[in-house]
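Read off the chains here:
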Amino acid sequence: MEEASADGADVTSTVSAEQRRRLTMLVPMVSAYLRRARNDMPPVIRKVFEQAGLGARHGAVLGLVVSSGPASVSEVARQLGLGLTNASQLSGELTRAGLLQRRNDPADHRRTLLSAAPEYRAAFEEFLARRSAGLFRAMGRLTPEEQHGFLAGLQAWVDEIEGDRGGAAERRA
């Protein structure tokens with residue numbers, strides 16, 4: 001059975017039945033790993049998350065800001081596919097919890113930049129490194145061509161997810 005996208009295009013004709021079977025087995029395993037993030041957090045970060053009632057979406061914002069360096073709320077929204085209101089709310093809650101700091105952009109004082117609070121930065125960087133280590137080891141087992149293909153495939157998946165999110169927003173409107 002072929003699957004059609006929202007616009008009616010066949011999305012499985014280039015994906016074999018065996019590849020579809022493997023993907024449908026692997027995606028839940030990746031999803032389960034991602035849901036376990038809170039358990040892998042350093043105690044100091046986990047305690048703040050629990051006390052402030054923060055969740056996975058907050059972790060995504062914090063992870064983006066720690067990995068990319070200072071970012072505006074609009075950059076966070078764009079990178080994570082969030083609405084500006086949601087990105088502002090999440091970053092505000094992280095700021096109130098003490099995990100993020102806000103400061104004026106020295107190049108444009110109308111713009112506010114988010115950055116990791118210095119007292120938590122090292123702990124969150126260690127968390128990100130530990131959570132990424134398995135992925136980096138897996139990439140190390142691949143040839144350069146396979147690494148390129150893996151990254152291209154992952155980017156294509158992210159692009160589809162972003163497209164799905166846009167379509168869901170359009171369907172709700």
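Up top is the structure.
Residues numbered from 1 in each chain as written. Predicted model: local features only at pLDDT ≥ 70, side-chain atom pairs only at ≥ 80, totals over all residues. Heavy atoms only, no water.

Caption draft 1: Structural context of the packing of aromatic side chains. Applying the stated criterion to the full structure yields one aromatic pair. Judged by centre distance (5.2 Å) and plane angle (50°), the rings of Phe124 and Phe127 are tilted. In this pair, Phe124 and Phe127 both sit in helix α7 (residues 118-140), three residues apart, roughly one turn of the helix. Here the two residues Phe124 and Phe127 agree in accessibility, since each one is buried. (Phe/Tyr/Trp six-rings, centres within 6.5 Å; stacked < 30°, edge-to-face > 60°. Helix = DSSP H or I, 4+ residues; strand = E, 2+ residues; numbered from the N terminus. Buried < 20%, exposed > 50% of the residue type's maximum accessible area, 1.4 Å probe, protein only.)

Caption draft 2: Spatial organisation of the pairing of strand β3 (residues 108-116). Bridging between strand β1 (residues 71-72) and β3 involves two bridges; their strand directions are antiparallel. Among the inter-strand pairings, Ala71 is bridged to a residue of β3, identified as Leu114. Where strand β2 (residues 100-105) lies against β3, six bridges are found, and the strand directions are antiparallel. For Arg102, the partnering residue across the bridge sits in β3 and is Leu114. Hairpin connection between β2 and β3: a loop of two residues separates the two successive antiparallel strands. (Pairing = 2+ DSSP bridges.)

Caption draft 3: Quick look at the sheet that holds β3. The three strands lie next to each other as β1-β3-β2, forming an open sheet whose pairing is antiparallel. Either end of the sheet is taken by a strand with one partner, and the two such strands are β1 and β2.

Caption draft 4: Representation of helix α6 (residues 84-96) in the model. Taking 1.5 Å of rise per residue, the 13 residues of α6 would be expected to cover 18 Å, and the 18 Å separating its terminal C-alpha atoms lies within 8% of that figure. Taken together, the buried positions of α6 are occupied by Ala87, Leu90, Ser91, Gly92 and Leu94. Looking one or two places after α6, you find Gly98, whose phi comes out positive at around 90°. (Expected span 1.5 Å × (residues − 1).)

Caption draft 5: Summary view of the packing of helix α4 (residues 56-68) against α7. Where α4 contacts α7, the axes come no closer than 10 Å and their chain directions differ by 100°. By the angle between their axes, α4 is roughly perpendicular relative to α7. Counted together, Gly59, Leu62, Gly63, Val66 and Ser67 of α4 and Arg121, Phe124, Glu125 and Leu128 of α7 form the full contact between these two elements. Its residues placed into classes, the contact of α4 with α7 shows four nonpolar, three polar and two charged. (Axes fitted to C-alpha atoms, helices over the stretch in contact; angles between N-to-C directions. Parallel < 35°, antiparallel > 145°, perpendicular 65-115°, else oblique. Contact = heavy atoms within 4.5 Å. Nonpolar A, V, L, I, M, F, W, Y, C, P; charged D, E, K, R; others polar.)

Caption draft 6: Up close: the environment of Val73. Checked against the element boundaries, Val73 lands in helix α5 (residues 73-80). Separated by 38 residues in sequence, Val73 and Arg111 place their C-alpha atoms 9.1 Å apart. Look past the residues within four positions of Val73 in its chain and what remains in contact with it is Leu84, Ala87, Ser88, Ser91, Arg102, Thr112 and Leu114.

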